[in-house]
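Structural description and commentary
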Amino acid sequence: MPVTPSPYHRLNPLTKAVIATVGSIGAFVLGGYVGPIAIMVIMLLLAWRAGVLARLARVSLLLTLPIAISVVLVSVFTRAGTTVLFQIGPFDATAEGVDFALQTLVRLFAISLSIGLFIMTTEPRAFVFDLERRGVPPRAAFIAVATIEAVPTLVERATMISESQRARGLDTEGSFLTRVRGLLPIVGPVIIGSLTDVEERSLALESRAFSRPGRRHLLWAMPDEGWERVLRWVLFVLLVGAAVARLTGRI
Amino acid sequence: MTRLDLEGVGFVYPDGTRALDGVDLTIGAGESVAIVGQNGSGKSTLVRHFNGLLRPTDGRILHDGEDVADVRTAALAARVGIVFQNPDRQIFAGKVRTEVAFGPKTLGRSATDIEAATRDALAAVGLSDAADANPYDLGYSRRKLLTIASVLAMGTPVVVLDEPTTGQDARGVARVQQVLAGLVADGRTVIAISHDMRFVAGSFSRIVVMGGGRILLDGPPAEVFAEPAWPVLASSYLEPPYAARVGARLALGSTPTETALVEALAARG
Amino acid sequence: MLVLSGVSYRYAGYARPVLHDIDLRLADGEIVGVVGANESGKSTLCLVASGLAPGSIGGALTGGGLSIDGEAMADKPLHEFSTRVGIGFQNPATQLSGVTGSVFEEVALGPMNLGLTQPETVERTKAALATLGIDELWDREPRRLSGGQGQLVVIASLLAMRPPHLVLDEPTAQLDPEGTRLVGEALRKLAASGTAMLIAEHKTDLLDDLCHRVIALDDGRIAFDGPAGTVLEDERLVALGVDLPSRVRVASALVSRGLDPAAVLA
């Protein structure tokens, strides 16, 4: 069993997945300010308890910022509205645009914090083993975890490919246009290489009875306290309730 | 012609791993040098400094006496070509010819030059007949020769090859040896990383042995594979070639290649 | 005993077979080396002998068939092969599952797939690690292993399935000298454990050390088949693009200089 540094890490993976799902869908469904901000605060508190607060805040900012900037630019200046705050050239910044941008921002942050917290506190394979135990087919479970775990390999591969093209004079340090032109020689081998790897890996796994149907016994027991089950159901019901309230126009 | 000088070069990866530690190395124009050592000894990190893919965290790199710290990799690529180990981390074009033309093209050569360079490079590796084939229809060893051609076509004064014989059969190895000999005959500098001791003993005039980010041995094959150097080789998990071991057992002195061994035996009568 | 009788095989989308009329018997405990130039059919032979071709990658046997311990394997589901014949490839990185956090879990994956109970899985995992002498790697993260260690873990993962036959396609091709040495030693231990092996390799020095028998392929056909010593000393292999073992090359160079290898190398 992997080392688990905090009680939050030690929760059943599904519980953490439900918290992440309810957090992100909840932020989306609720809209406005109060709901998403409440979700942000809860996630930050949980992250603090799990000892990953600083890391989560940093990663979530880094991930969200590029999208956030474009959202702000686009919505502040293009959203039709009656209250014009100021003008830049032909563009009007409207109060409605600002309101929309802020609402989108808090949703975005709530979603990235929810998902980020899950990823930082959950071993992907623990999650998958748990799903498998609950009856998800091993093949589907494997594909899910292999996809997540393949990210570092993909990054490594892209680095190596970019090195070999730069060694042939490809300029990746130049202007935006030069960089875009340089993408094909990098993206092409990344995709082809990943496909070959997948093919080789599936052959290698066949030799280990990967395609055998039927039950598997886990190597270790997975924690799943009674209260976690209750919590998951409560969160689920809350989410459904929020969605219904939203759809029927009550919030 | 380009002479490479490394002065006190150290390199630490962002994760804190020290890959190179005070490396002093001069490779003169037209030399043929093999770099050997186990994985993680710093060989690949070292050669990535030759064309600026990596920049030293200590020390400096000079090309013909000029510090290249401020020269972009795209410009250094015109002087030092590197063929990496895995062809599938490089090949992107739908046609062999296009793949080979990519290097000279990015270096801004003229259309006539590109065509001539592509043709010559394909001929040198024996792939002229496959110029219009899809690279992925070629087998692994021919794809590997294709990546060698892609770098040859750039006409760089220095050519670096990372594990050129991996995955090659005897014919492929012979082809690589022929290409190297051609480069040396042209007066170009050839540097290769290799795990194949028989190959390096037979094809290079100088061998640099690395371990733990440092240079452990540096000299001609007869010196590096001589019995007194064996403990140093062993410290980097290297074994001298079979011929050297037999020569030592028969007290024939240093016989790094099979030819040297047979000569020494014949001389003794 | 694994038997290929009169096997011809072609890949999907190609009219021309890659293997022609292959007759190959791998007796219990026997170690057979496969040599040949690139694209002579070595890898394809490995895939066919392990049932992955046509089973997983498609294509078709256009003649003959594979039988293991007297049982015809055609139409058997793929997972049934795993307990009869295991196959290992060149690159440890693409063979490790990529989903486990420790060597122990990695080796246990196969037995778990077989549906074994937890104690049985643990027992087999420990035994496989012990056979190759890599017990101390049990808690290491698979992706952080060296190439040689990774390849040993791959082989241990196959052993945990307890197949009587192993097929290895260039198991040392991607390794540094230390990795090659580690795998070579492991294969010697395996040979002593009675696992029959079919090993395709360019490094004939390794085969010279290990094999009882060697076959040489030429354009998809078996050109030579015989005791390892005899085949690997046959100068005609050179024309097939095969490197003779060091001892053979040196000996024949000595003979050409009028020296007697037996006398000078004794």
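What counts and what doesn't
- Residues numbered from 1 in each chain as written.
- Chains lettered and ligands numbered in written order.
- Predicted model: local features only at pLDDT ≥ 70, side-chain atom pairs only at ≥ 80, totals over all residues.
- Heavy atoms only, no water.
- Helix = DSSP H or I, 4+ residues; strand = E, 2+ residues; numbered from the N terminus.
- Rg over C-alpha atoms; globule rule 2.2 N^0.38 Å.
- Buried < 20%, exposed > 50% of the residue type's maximum accessible area, 1.4 Å probe, protein only.
- Areas by Shrake-Rupley, 256 points an atom, 1.4 Å probe, with all protein chains shown as cover.
- Lys, Arg positive; Asp, Glu negative; His and termini not counted.
- Charge placed at Lys NZ, Arg CZ, Asp CG, Glu CD.
- Contact = heavy atoms within 4.5 Å.
- Buried area = accessible area lost by both parts, 1.4 Å probe.
- Salt bridge = Lys/Arg side-chain N within 4 Å of Asp/Glu carboxyl O.
- Polar contact = N/O pair within 3.5 Å; in protein donor to acceptor, adjacent residues only side chain to side chain.
- Nonpolar A, V, L, I, M, F, W, Y, C, P; charged D, E, K, R; others polar.
- Axes fitted to C-alpha atoms, helices over the stretch in contact; angles between N-to-C directions.
- Parallel < 35°, antiparallel > 145°, perpendicular 65-115°, else oblique.
- Left-handed = near helix turned anticlockwise from the far one by under 90°.
- pLDDT = per-residue confidence, 0-100.
- Pairing = 2+ DSSP bridges.
- Expected span 1.5 Å × (residues − 1).
- Core = buried A, V, L, I, M, F, W, Y, C linked by side-chain atoms within 4.5 Å.

So, about the overall build of chain B. When its secondary structure is counted, chain B shows 11 helices and 10 strands. The C-alpha radius of gyration of chain B comes to 19 Å, within 12% of the 18 Å expected for a compact globule of 269 residues. Structurally, chain B occupies a C-alpha span of about 60 × 45 × 30 Å along its principal axes. Out of the 269 residues belonging to chain B, those deemed buried represent 56%. A total of about 10100 Å² of accessible surface is found on chain B, and carbon and sulfur atoms cover 50% of it. Between the averaged position of the 26 positive side-chain charges in chain B and that of its 30 negative side-chain charges there is a distance of 4 Å.

Bringing the interface of chain A and chain B into the picture now. If you look at the interface, chain A gives 18 residues, while chain B gives 24 residues. Roughly 1900 Å² is buried in total at the junction of chain A and chain B, and carbon and sulfur atoms are behind 57% of that figure. When residues of chain A are sorted by the area they lose upon contact with chain B, Glu 163, Ala 167 and Arg 168 of chain A head the list and together hold 37% of the total. Two residues, Glu 163 of chain A and Arg 48 of chain B, come together in a salt bridge whose shortest N-O distance is 2.6 Å. Counting across the chain A and chain B interface gives six residue pairs in polar contact (both at pLDDT 80 or more). For the side of chain A that touches chain B, the leading source of residues is helix α7 (residues 138–166) of chain A, giving seven residues. Taken together, the residues of the side of chain A that touches chain B break down into eight nonpolar, four polar and six charged.

Tallying the contact residues gives 41 residues for chain C and 28 residues for chain A. Counting the surface lost from both chain C and chain A, the interface buries some 2900 Å², and carbon and sulfur atoms represent 58% of this. Along the contact surface separating chain C from chain A lie one salt bridge. Between Arg 208 of chain A and Glu 106 of chain C there is a salt bridge, with its nearest N and O atoms 3.0 Å apart. At the junction of chain C with chain A, the criterion picks out eight residue pairs in polar contact (both at pLDDT 80 or more). Elements with a minimum of two residues in the side of chain C that touches chain A: β6 (85–88), α3 (92–95), α4 (103–113), α5 (118–131) and α6 (147–159) of chain C. Ranked by residue count, the leading element in the side of chain C that touches chain A is α4 of chain C, at nine residues. Partitioning the side of chain C that touches chain A into residue classes produces 20 nonpolar, 18 polar and three charged.

A separate point is the packing of α4 of chain C against α5 of chain C. Residue and element names in this part refer to chain C. In contact at an axis separation of 9 Å, α4 and α5 are set at 120° when each is read in the N-to-C sense. In terms of orientation, α4 lies oblique with respect to α5. Every pair of crossing elements has a handedness; the one defined by α4 and α5 is right-handed. Judged by residue contacts, Val 103, Phe 104, Val 107, Ala 108, Pro 111 and Met 112 of α4 engage Thr 121, Val 122, Arg 124, Thr 125, Lys 126, Ala 128 and Leu 129 from α5.

Do not read the predicted coordinates in detail wherever pLDDT is low. Residue and element names in this part refer to chain C. Across chain C, pLDDT averages 93, with 100% of residues at or above 70. Looking at the elements of chain C, mean pLDDT is at its lowest for helix α11 (residues 261–264), recorded as 83, and at its highest for strand β9 (residues 213–218), recorded as 98. The complex model carries a pTM of 0.82, and its ipTM stands at 0.82.

Residues and elements named next belong to chain C. Spatial ordering of the open sheet is given by β2-β1-β4-β5, a layout of four strands whose pairing is antiparallel. Each having just a single partner strand, β2 (19–26) and β5 (71–72) make up the two edges of the open sheet. Direction of pairing for strand β4 (residues 60–68) relative to β5: antiparallel, over a ladder of two bridges. Along β5, the bridge assignment pairs Ser 67 with Ala 72. Strand contacts of helix α1 (residues 42–49): β1 (2–10), β2 and β4, with the helix running at about 120° to β1, the strand carrying the most contacts.

What follows is about the pairing of strand β6 (residues 80–83) of chain B. Residue and element names in this part refer to chain B. Neither face of β6 is exposed, since Val 80 and Ile 82 on one face and Gly 81 and Val 83 on the opposite face are all buried. As defined by bridge partners, β6 adjoins strand β7 (residues 158–162) across four bridges and the pair is classed as parallel. Among the inter-strand pairings, Val 83 is bridged to a residue of β7, identified as Leu 161.

All names here are of chain A. The end-to-end C-alpha separation of helix α10 (residues 226–247) is 32 Å, in line with the 32 Å expected for 22 residues at 1.5 Å each. Where α10 is buried, its residues contact α2 (13–30). Positive backbone phi, at 75°, marks Gly 249, one or two positions downstream of α10.

Turning to the nonpolar core, a few remarks are in order. Ile 155, Leu 187 and Leu 237 of chain C are the most contacted members of the largest nonpolar core, which has 52 residues in total. Per-element accounting of this core gives the leading share, seven residues, to α6 of chain C. With residues up to four places along the chain from it excluded, the contact list for Leu 237 of chain C reads Ala 216, Phe 224, Val 231, Leu 232, Val 242 and Leu 244 of chain C. Residues Val 36, Ala 131, Ile 148 and Val 179 of chain B belong to the second largest nonpolar core, which totals 44 residues.

This paragraph deals with the pattern of salt bridges. What the rule picks out here adds up to 40 salt bridges over all chains. A salt bridge links Lys 95 of chain B to Asp 132 of chain B; its shortest N-O distance comes to 3.6 Å. One end of the pair, Lys 95 of chain B, is in the loop between β6 and α3 (96–106); the other, Asp 132 of chain B, is in the loop between α4 (111–125) and α5 (140–152), and 37 residues separate them in sequence. Exposure remark for Asp 132 of chain B: the relative accessible area of 48% places this residue in the partly exposed category. Linking Arg 213 of chain C and Glu 30 of chain C is a salt bridge whose minimum nitrogen-to-oxygen distance equals 2.8 Å. On the criterion of sequence distance, the pair formed by Arg 213 of chain C in strand β9 and Glu 30 of chain C in the loop between β2 and β3 (31–35) is long-range, its members being 183 residues apart. Glu 30 of chain C carries the same exposure label as Arg 213 of chain C, and that label is buried. The network of salt bridges with shared partners includes Asp 130, Arg 134, Asp 224, Arg 229 and Arg 232 of chain A.

The next thing to look at is the side chain of Glu 105 of chain C. Among the structural elements, Glu 105 of chain C can be located in helix α4. Polar contacts involving the side chain of Glu 105 of chain C include one to the side chain of Ser 102 of chain C, which spans 3.1 Å. The residues touching Glu 105 of chain C, leaving out its near neighbours within four places in the chain, are Arg 125, Phe 129, Leu 219 and Trp 220 of chain A together with Thr 100 of chain C.

Residue and element names in this part refer to chain C. Note the cis peptide between Ala 53 and Pro 54, where omega equals 0°. Positive phi is not limited to glycine here, since Asp 21 has a value of about 50°. The residue Asp 21 is located in strand β2 in this model. Looking at Asp 21, the relative accessible area reads 52%, which means it is exposed.

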